[in-house]
Amino acid sequence: MAENENKNITLISPKYKKRAKKGLSRLDKKAISAKTAIIVLLCVILPTFGYFVAFYAYTGLTSVENLTREINELENTFKSVQQLKQVYNNTIDKLVKLSKTDEIAAKLDLSSQPGEYNDIKYKAGPEEMLPLVNMLFTDPGIKINSILLRSNLGFPVLSKTRLESGVMLELNVNYTISRQIQ
Amino acid sequence: MEDISLHSKKRSIKMFDFVLLLIVGLGMVFAGHFVISRIFAGNLDNLSRSKSFLLNELNLELTGNQARDLELVKKERESLNLEFGKYNRSINELISHIDSKENDVLFLNIVEAYLSDTKALQTTFNKLEYNGDTGEVLYYVVYEQNKISEKLSPLEVPNNVVVNISRTEFSDYVLKLVNLQVGE
């Protein structure tokens, strides 16, 4: 009986045949009002859009601007440091070339390491002493704290010759060898 | 005939359509998020490329995390500022050292200029004392009686030099004892 009834069913259109056979899912069976759907959609999508697009774009843009500015400032600082370093190193190189600290130290039988050297005594003839005093005064690596140079000749010998060979000069010097110019 | 108000009918949509709309909407939002993140990554790449020399010199690498990169760059700049300050201090120390050296050389130049009086028969150096700022030199100059020079060399006496001369006459010679004081 039931089989005969089924055979008599006529579909409106053949293309609905498959659809009729297909079972409805739970989502197809349920429905919500359009108004509620719109409100829910807006409540979900707007905050998501605000956070993931608008806020993200704003913070990202700000960060990129900050980063670009910081990197530009870093570049300027780097250039300034490089220029300063170059000027400093060139100056030090020139001063080191001019310095004869090792030679002075060797003559005075002292170390040429940086530091303060006090109460240094040295005795020599004028031929040897005067170039040494000249070096002490002109060497860029040495700072003279005090110097006393005396001649053993109290009074000049009145003759047409220059100083006698017996003249001795006594040097008493305190100086500092610079740490920078080494 | 009965009136039927079509407007009174409640409009509804299927749950399936609603979920589909929600997924599409969220998908568009995340696609936008992805596009923006790609744009920022591109900007960061451009920045890395344009500043590659600087970043290589400083051994820095941008990670793509902008907050972390910003922190890294700030830290590096602070360390460069410290280095700048260090060099600045060193240069100031060098300048003060050269200034003091300039005093030494000036003193030596003055002394050499006074001692090299070519008209003198003999110049006998007696004592030199210098303490970095001021100095004193005592020396004798011997002239022949008829060749005495009234002026000391150099002709122009610097402002910070005081010269005291005591003169002794002999039959053939004139002896000048010169006391040269340099500095305030």
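Remember, predicted model here, so these are calculated numbers, not experimental data. (Residues numbered from 1 in each chain as written. Chains lettered and ligands numbered in written order. Predicted model: local features only at pLDDT ≥ 70, side-chain atom pairs only at ≥ 80, totals over all residues.)

### Let's talk about the overall build of chain A
Here is the rule: The numbering of helices and of strands both runs from the N terminus, where a helix is a DSSP run of H or I of at least 4 residues and a strand a run of E of at least 2. Our exposure labels follow a C-beta count within 10 Å of each residue's own C-beta, placed from the backbone: buried means 20 or more other C-beta atoms, exposed means 12 or fewer, and partly exposed covers the counts in between. For every residue pair, C-beta atoms are placed from the backbone, and the pair is scored as a contact if these atoms sit within 7 Å.
Assigned secondary structure in chain A consists of six helices and four strands. Taken from N to C terminus, the helices and strands of chain A fall in the order α-α-α-β-α-α-β-α-β-β. In chain A, buried positions account for 16% of the 182 residues. A fraction of 74% describes how many contacts in chain A between residues 6 or more apart in sequence connect residues 24 or more apart.

### Focus on the overall build of chain B
If you tally the helices and strands in chain B, you get three helices and five strands. Reading chain B from its N terminus to its C terminus gives the helix and strand order β-α-α-α-β-β-β-β. When each of the 184 residues of chain B is scored for burial, the buried share is 17%. For chain B, long-range pairs separated by at least 24 residues make up 49% of all intrachain contacts whose partners lie at least 6 apart in sequence.

### Remarks on the interface of chain B and chain A
Stated formally: Under the grouping applied here, Gly and all other residues not named as nonpolar or charged are polar, the nonpolar ones being Ala, Val, Leu, Ile, Met, Phe, Trp, Tyr, Cys and Pro and the charged ones Asp, Glu, Lys and Arg. Two strands are said to pair when DSSP picks up at least two bridges between them.
Across the contact, 62 residues belong to chain B and 57 residues belong to chain A. Of all the secondary-structure elements, those providing two or more residues to the side of chain B that touches chain A are β1 (12–14), α1 (15–50), α3 (66–115), β2 (122–130) and β3 (135–144) of chain B. The biggest single contributor to the side of chain B that touches chain A is α3(B), with 24 residues. Tallied by class, residues from the side of chain B that touches chain A come to 32 nonpolar, 16 polar and 14 charged. Of the strand pairs in this sheet, strand β1 (residues 31–33) of chain A and β1(B) are connected by three bridges, and their pairing is antiparallel. Bridge assignment links Ala31(A) to a residue of β1(B), and that residue is Lys14(B).

### Observations concerning the pairing of β2(B)
Strand direction decides the pairing type here: strand β3 (residues 142–151) of chain A and β2(B), joined by four bridges, are antiparallel. The partner of Arg150(A) across the bridge, within β2(B), is Lys127(B). The hairpin formed by β2(B) and β3(B) contains four residues between the paired strands, and Gly132(B) there has a positive phi angle of roughly 100°.

### Concerning the nonpolar core
Filter applied, for reference: Any set of buried Ala, Val, Leu, Ile, Met, Phe, Trp, Tyr and Cys residues joined through C-beta atoms within 7 Å is what this text calls a nonpolar core.
Leu136(A), Ile144(A) and Val111(B) are the most contacted members of the largest nonpolar core, which has 31 residues in total. The set of elements that each furnish at least two residues to this core consists of α6 (126–138), β3 and β4 (169–177) of chain A together with α3, β2, β3 and β5 (173–182) of chain B. Sequence-distant contacts of Val111(B), defined by excluding residues within four places in its chain, comprise Leu128(B), Val137(B) and Leu180(B).

### Quick notes on the sheet that holds β2(B)
The line we're drawing: Note on method: axes are straight lines fitted to C-alpha atoms, helices fitted across the in-contact stretch only, with angles between N-to-C directions ranging 0 to 180 degrees.
Taken in spatial order, the seven strands of this open sheet run β2(A)-β4(A)-β3(A)-β2(B)-β3(B)-β5(B)-β4(B), and their pairing is antiparallel. The open sheet terminates on both sides in strands that have one partner only, identified here as β2 (115–124) of chain A together with β4 (161–169) of chain B. The sheet shows a mean angle of 20° between the axes of neighbouring strands, taken without regard to direction. Two strands pair when backbone bridges link them, and β2(A) and β4(A) are joined in this way by eight bridges, in the antiparallel orientation. Counted as the bridge partner of Tyr122(A) is Leu171(A) from β4(A). With respect to the sheet, α6(A) is in contact with β2, β3 and β4 of chain A, its orientation differing from that of β4(A) by roughly 20°.

### Overview of the environment of Ile120(A)
Residue and element names in this part refer to chain A. Mapped onto the secondary structure, isoleucine 120 falls in strand β2. What makes isoleucine 120 partly exposed here is the crowd of 15 C-beta atoms within 10 Å. Separated by 27 residues in the primary sequence, isoleucine 120 and isoleucine 147 place their C-alpha atoms 9.4 Å from one another. Those residues in contact with isoleucine 120, other than ones at most four positions away along the chain, are Leu108, Leu110 and Val173.

### Brief notes about α6(A)
For the record, the criterion: Expected helix span is given by 1.5 Å per residue-to-residue step, counting one fewer step than there are residues. By arc we mean the arc of the directions from the helix axis to the C-beta atoms, nothing more.
Over its 13 residues, α6(A) extends 18 Å from the first C-alpha to the last, a length consistent with the 18 Å expected when each residue adds 1.5 Å. Looking only at α6(A), the buried set comprises Met129(A), Val133(A), Leu136(A) and Phe137(A). An end-on view of α6(A) places all buried positions within 95° of arc, on one side of the element. Of the exposed residues in α6(A), those oriented more than 90 degrees away from the buried face are Glu127(A), Glu128(A) and Asn134(A). Residues of α6(A) that are buried sit in contact with α5 (101–108), β2, β3 and β4 of chain A together with α3 of chain B.

### A word on the confidence of the model for chain B
One rule of thumb: low pLDDT means the predicted coordinates there are not for detailed reading. Selection criterion: One number per residue, pLDDT, summarises how confident the predictor is, and it ranges from 0 to 100.
Mean pLDDT for chain B: 84, with 87% of residues reaching 70 or above. Among the prediction metrics, the complex's ipTM stands at 0.72, with pTM recorded as 0.70.

### Side note on the packing of helix α4 (residues 34–98) of chain A against α1(B)
Here is the rule: Note on angle classes: values under 35 degrees are labelled roughly parallel, values over 145 roughly antiparallel, values of 65 to 115 roughly perpendicular, and the remainder oblique.
Their axes nearest at 10 Å, the elements α4(A) and α1(B) cross at an angle of 5°. Taken together, the axis directions place α4(A) and α1(B) in an arrangement best described as roughly parallel. Of the residues that constitute the contact of α4(A) with α1(B), the class distribution is 20 nonpolar, seven polar and no charged.

### Brief notes about α3(B)
Its 50 residues give α3(B) an end-to-end C-alpha distance of 72 Å, which sits within 8% of 74 Å, the value for a rise of 1.5 Å per residue. Among all positions of α3(B), only Asp69(B), Val73(B), Glu76(B), Leu80(B), Lys101(B), Asp104(B), Phe107(B), Leu108(B), Ile110(B), Val111(B) and Tyr114(B) are buried.

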